[in-house]
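Notes for the structure review
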Number of protein chains: 2
Amino acid sequence: MAQVAAGLVGLETPCVLIDMDRVEANIARAQAQFDRWGIAFRPHVKTHKLPELARLQLAAGANGLAVQKISEAEVFAAAGFDDLMLCTTLMSPGKIARARALAVGRRFALVADSGAAVAALSGDGAPLRVLVECDTGGGRCGVQSPGEAADLAAMIDAAPGLIFAGLMTYPAAGGTRAVQDFMTEARRQVLARVGHCDIISSGGTPSLDQASGAPVVTEYRAGTYIYNDRSLLERGACRLEDCALMVLATVLSRPTPRRVVLDAGSKILTSDLMGLQGHGFLPAYPKAQITGLSEEHGVVDLGQDAGLPQVGDKVLVIPNHACPVSNLVDRVTLHRAGVVVGGLDVAARGTVI
Amino acid sequence: MAQVAAGLVGLETPCVLIDMDRVEANIARAQAQFDRWGIAFRPHVKTHKLPELARLQLAAGANGLAVQKISEAEVFAAAGFDDLMLCTTLMSPGKIARARALAVGRRFALVADSGAAVAALSGDGAPLRVLVECDTGGGRCGVQSPGEAADLAAMIDAAPGLIFAGLMTYPAAGGTRAVQDFMTEARRQVLARVGHCDIISSGGTPSLDQASGAPVVTEYRAGTYIYNDRSLLERGACRLEDCALMVLATVLSRPTPRRVVLDAGSKILTSDLMGLQGHGFLPAYPKAQITGLSEEHGVVDLGQDAGLPQVGDKVLVIPNHACPVSNLVDRVTLHRAGVVVGGLDVAARGTVI
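Within every chain, residues take consecutive numbers counted from 1 along the sequence as written. Chains and ligands are labelled by the order in which they are written, letters from A for the one and numbers from 1 for the other. Note on the predicted model: pLDDT of at least 70 is required for a residue's local features to be given, and 80 or more for side-chain atom pairs to be given and counted; whole-chain, interface and lining totals, by contrast, use all residues. The side-chain quantities take in all heavy atoms of the structure and omit both hydrogens and water.

**Some details on the overall build of chain A**
Just so we agree on the cut-off: Here a helix means four or more residues in a row that DSSP labels H or I, a strand means two or more in a row labelled E, and each is numbered from the N terminus. The size measure is the radius of gyration over C-alpha atoms, and the globule rule it meets is 2.2 Å times the number of residues to the 0.38 power. Working definition: with a 1.4 Å probe on protein chains only, accessible area under 20% of the residue-type maximum means buried, over 50% means exposed, and in between means partly exposed. It only takes one pair of heavy atoms within 4.5 Å for two residues to be counted as in contact. Every accessible area reported is derived by Shrake-Rupley at a probe size of 1.4 Å, with residue values counting cover from the shown protein chains alone. Counted as positive: Lys and Arg. Counted as negative: Asp and Glu. His and the chain ends are not counted at all. To locate a charge, take NZ of a lysine, CZ of an arginine, CG of an aspartate or CD of a glutamate.
Counting its regular elements, chain A contains 10 helices and 16 strands. What you see for chain A is a C-alpha radius of gyration of 22 Å, in line with the 20 Å of a compact globule of 353 residues. Each of the 353 residues in chain A was classed as buried or not, and the buried ones make up 61%. Once local pairs closer than 6 in sequence are excluded, the contacts in chain A between residues at least 24 apart make up 66%. Accessible surface computed for chain A: about 11,800 Å², of which carbon and sulfur atoms make up 53%. Side-chain charges in chain A split into 32 positive and 35 negative, and the spacing between the mean points of these groups amounts to 1 Å.

See the structure below:
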């Protein structure tokens, strides 16, 4: 689908297109891998925010869903999903009360990485399942050592209204070995202190293909794999034909032979660089570079390609990072091989709290 | 407001806060400058997307509003604003029909920079006022020379259903002299060819204080000045006490003495770098750097500051770029000196088309 299919060329732009054939293939391929490895798979819905796609992921064999905000959890709970892991801790009494409400009648877990968080989460009402978040090299949240993990597991185990549910990490890309080493030792110490350690959860699409390299992991979370994006493509973590999300844009201007300006800027492609040069990949113009974004315009340097596109032409862009793109639109357009087959409201968009 | 005021500390986070005292001061200061210079001022509403703030801008003396999308124009037209300039061209028949509808009963203009765009815009119905967009060094859209500007002005003047309304540019930051030179010559050639050239419109908050350096300009557009942001602060284009938009965030984790993790990531602060290092400024922790953003987390390196903040504390962040932040939330919270005075739905949020 390098050139814009006839069935898509009439759409108003900018427009987020989802190739459902590719979505289904991506879901099936990842799930088959985890089934083969005997690792439970928990898709992260922050990427698509669409209950309709989450249903496909569960139908393929996923274990439950991962969410990143309490509001996302609420949207998916309201849509009938009954196994949710919130991959962040909560500190506010209001959000913790909402978490307790979600813990009634469904399987719900969240994470903590400090005594302060455990103290905040502890309380009356439906018990909350809590995993200890571990920093295995990702450099974001998480306790810094297996010993700290065991200390916090014991604290959760002893805290009123909390159930210790296991260990969780968001590893560095390529950090599979570090996950195996950290989690093996953390599990050993946790078992010695608490006597149980049900879930060991790792995640991330960039390292998905290497997930079996950390057999201590019982459950894996990934979001972007359902759409893929330029960051995964350039790292060799997916193929061009796996890229299911593209932005359709119109050429508004060609002020010089080499420069083309699209009606897609940072308010649709986002400014996420993910370590790359440029702001997206144009499959029909592989030498072109999106050199700059303003809010509603994308400036493309065609390089030596002095042929198409002309003013008024439509082009497809694979964004650097798919996840925040979904978050910017109220609706996405679904197609199969260039034929529009529907549209979906992005149910959990804009739920920032 | 470096420390979080008692009246704000209880808000759920992440939360976009607008300091109305600062908004009013920013509006008054900019308008007074343009009044003194005798240049009409046309605030750009892409920054706030709020009819309520646009009313304050008009009440202060603004000439009309600038918008960046046809959908933004429609939202502000529906809210009663009767002088709108759309600072982009349109190529789709659907959007052009919507523009024609907006041209009935109000003053409405848009821009073009190619014969293809003029041909697309020309047609039956209410005449459309069209300015020629000129590239005076910004490197985005726009004709490349005064001669091309005059050619296109003549084409617009002759096209059925179009009225040539003047010249427009979005200059490079610091490009005031280039605007003066380009526009003086373009105006001369346009007058020779077409006989009139009513509006010469320039814009941009970074060069706002230098706007009088291009006296050929009759009208100036700026958006960010109403809020300001870290990119303007670091360039010396505003003071800390002019920053009216901040994001309130909660410390979710402090995994190491130097590292703090906030519940504000790229889905609220955006990844816009604007040429800077890091992803925002923490007024209460001026040595701290937001070194990395994931979607829902911001990683802060406190540097040598090993004191506050602790897990659970609230912090304020001035984002690198204010405009796309408004676009990410459905509602903003208004305050005066730390006391909440209301909230506003972001009327034109999510209108990507």
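Don't stop here, the text continues.
**Notes on the relation of the copies chain A and chain B**
The condition is simple: The superposition of copies rests on a least-squares fit of C-alpha positions from residues with pLDDT of 70 or more in both.
When chain A is fitted to chain B, the best match, at an RMSD of 0.0 Å, comes from turning it 180° and sliding it 0.0 Å along the axis. Given the turn and translation reported, the copies of this chain are related as if by a two-fold rotation axis. Every residue of chain A has its C-alpha some distance from the rotation axis, and the shortest such distance is that of Ser271 of chain A, at 2.5 Å. The overlap is high: 100% of the interface residues of chain A also sit at the interface in chain B, so the same surface is used on both sides.

**Notes on the sheet that holds strand β2 (residues 40-43) of chain B**
Residue and element names in this part refer to chain B. We apply this condition: For two strands to pair, DSSP has to find at least two bridges joining them. Only the stretch in contact is used when fitting a helix axis, every axis being a line fitted to C-alpha atoms; angles between N-to-C directions are given from 0 to 180 degrees.
Overall, parallel pairing links the eight strands, which are arranged β2-β9-β8-β7-β6-β5-β4-β3 in an open sheet. Two strands close off the open sheet at either side, each with one partner strand: β2 and β3 (65-67). Across this sheet, the average inter-strand angle for adjacent strands is 30°, counted without regard to direction. Relative to strand β4 (residues 83-86), β3 is paired through three bridges, and the arrangement is parallel. Within β4, the position partnered with Val67 by the bridge is Leu86.

**Describing the pattern of salt bridges**
The test is simple: Salt-bridge detection follows one rule: a side-chain nitrogen of Lys or Arg within 4 Å of a carboxyl oxygen of Asp or Glu.
Applying the stated criterion across every chain, the model contains 45 salt bridges over all chains. Arg259 of chain B is paired through a salt bridge with Asp135 of chain A; the nearest N and O atoms lie 2.8 Å apart. Here Arg259 of chain B, found in strand β11 (residues 259-262), pairs with Asp135 of chain A, found in the loop between β6 (128-134) and α6 (146-158), and the two come from separate chains. For Arg230 of chain A, the salt bridge is made with Glu234 of chain A, and the minimal N-O distance between the two is 3.3 Å.

**With respect to helix α2 (residues 51-59) of chain A**
All names here are of chain A. Filter applied, for reference: Arc definition: it is the arc formed by the directions from the helix axis to the C-beta atoms.
Turning to α2, its buried residues are Pro51, Leu53, Ala54 and Gln57. Each buried residue of α2 sits inside an arc of 155° when the element is viewed along its axis, so together they form one side. Structurally, α2 contributes buried residues whose contacts are with α1 (20-37), β2 (40-43), β3 (65-67) and α3 (70-78). Phi for Gly61, located one or two positions after α2, is positive at around 125°.

**Details of helix α1 (residues 20-37) of chain B**
Residue and element names in this part refer to chain B. Stated precisely, the cut-off is as follows: Working rule for helices: expected span equals 1.5 Å times residues minus one.
For α1, spanning 18 residues, the distance from its first C-alpha to its last is 26 Å, which sits close to the expected 26 Å at 1.5 Å a residue. All buried positions along α1 are accounted for by Met20, Arg22, Val23, Asn26, Ile27, Ala30, Gln31, Gln33 and Phe34. Along the axis of α1, the buried residues cluster in a sector spanning 160°; they form a single face. Looking at the buried side of α1, the elements it contacts are β1 (15-19), β2, α2 (51-59), β9 (219-222), β10 (245-253) and β15 (331-336). A positive backbone phi angle near 70° is found at Gly38, which sits one or two residues after α1.

**A word on the nonpolar core**
In plain terms, the rule: By nonpolar core we mean a set of buried residues, namely Ala, Val, Leu, Ile, Met, Phe, Trp, Tyr and Cys, connected to one another through side-chain atoms within 4.5 Å.
In this structure, Phe108 and Leu167 of chain A together with Phe108 and Leu167 of chain B are the most contacted members of the largest nonpolar core, which totals 191 residues. Sequence-distant contacts of Leu167 of chain B, that is, excluding residues within four places in its chain, are made with Leu131, Val132, Cys134, Ala149, Met183, Ala186, Arg187, Val190, Cys197, Ile199, Ile200 and Ser201 of chain B. Val4, Leu8, Cys238 and Phe281 of chain B belong to the second-largest nonpolar core, a separate cluster that totals 14 residues.

**So, the interface of chain A and chain B**
The line we're drawing: Put simply, buried area is the surface a 1.4 Å probe can reach on two separate parts but cannot reach once they are joined, added for both.
Opposite the 57 residues of chain A that make contact, chain B presents 57 residues. Interface area for chain A against chain B, summed over the two sides, is near 4,400 Å², with a carbon-plus-sulfur share of 51%. When residues of chain A are sorted by the area they lose upon contact with chain B, Glu12, Arg140 and Lys267 of chain A head the list and together hold 14% of the total. Taken together, the connections running from chain A to chain B amount to seven salt bridges.

**Things to note about the sheet that holds strand β5 (residues 107-112) of chain A**
Strand pairing in a sheet takes place through backbone hydrogen bonds and is either antiparallel or parallel in direction. Residue and element names in this part refer to chain A. Judged by pairing direction, the sheet is parallel, and its eight strands sit side by side in the order β2-β9-β8-β7-β6-β5-β4-β3 without closing on themselves. This sheet does not close on itself; its edge strands, each paired only once, are β2 and β3. When the angles between neighbouring strand axes are averaged without regard to direction, this sheet yields 30°. Here strand β4 (residues 83-86) pairs with β5 via three bridges, running parallel. The residue bridging Asp83 from the neighbouring strand is Arg107, located in β5. Set on the sheet, α3 makes contact with β3, β4 and β5; between it and β4 the angle comes to about 175°.

**Brief notes about the pairing of β10 of chain B**
Residues and elements named next belong to chain B. With nine of nine residues buried, β10 is to be regarded as a mostly interior element. Where β1 meets β10, four bridges bridge the pair, whose relative direction is antiparallel. For Cys15, the partnering residue across the bridge sits in β10 and is Leu248. Pairing of β10 with strand β14 (residues 314-317) involves four bridges; the strand directions are antiparallel. Pairing of Val247 across the sheet is with Val317, part of β14. Sheet topology note: the β10/β11 ladder contains two bridges and is antiparallel. Each bridged residue has a counterpart across the sheet, and for Ser253 the counterpart in β11 is Val261. Hairpin geometry of β10 and β11 is characterised by an intervening segment of five residues between the two adjacent antiparallel strands.

**Topic: empty space enclosed by the protein**
The cut-off we apply is this: Both site types are read off a 1 Å grid over the protein atoms alone. A 1.4 Å probe that fits but cannot get out defines a cavity, while an open set with protein on both sides within 12 Å along at least five of seven lines defines a pocket; lining residues have an atom within 4 Å of a point. Grid points are joined across faces, edges and corners, and a volume is the space filled by probe spheres set on the points.
Under the criterion given, the structure shown has eight cavities of 30 Å³ or more. In this structure, the largest cavity encloses a volume near 240 Å³. Listing elements by their share of the lining of the largest cavity, those giving two or more residues are β10 and α9 (266-269) of chain B. When its volume is computed, the second largest cavity comes out at roughly 180 Å³. Thr13, Leu252 and Asp263 of chain A together with Leu90 and Lys95 of chain B are the residues nearest the centre of the second largest cavity, which is lined by 21 residues in total.

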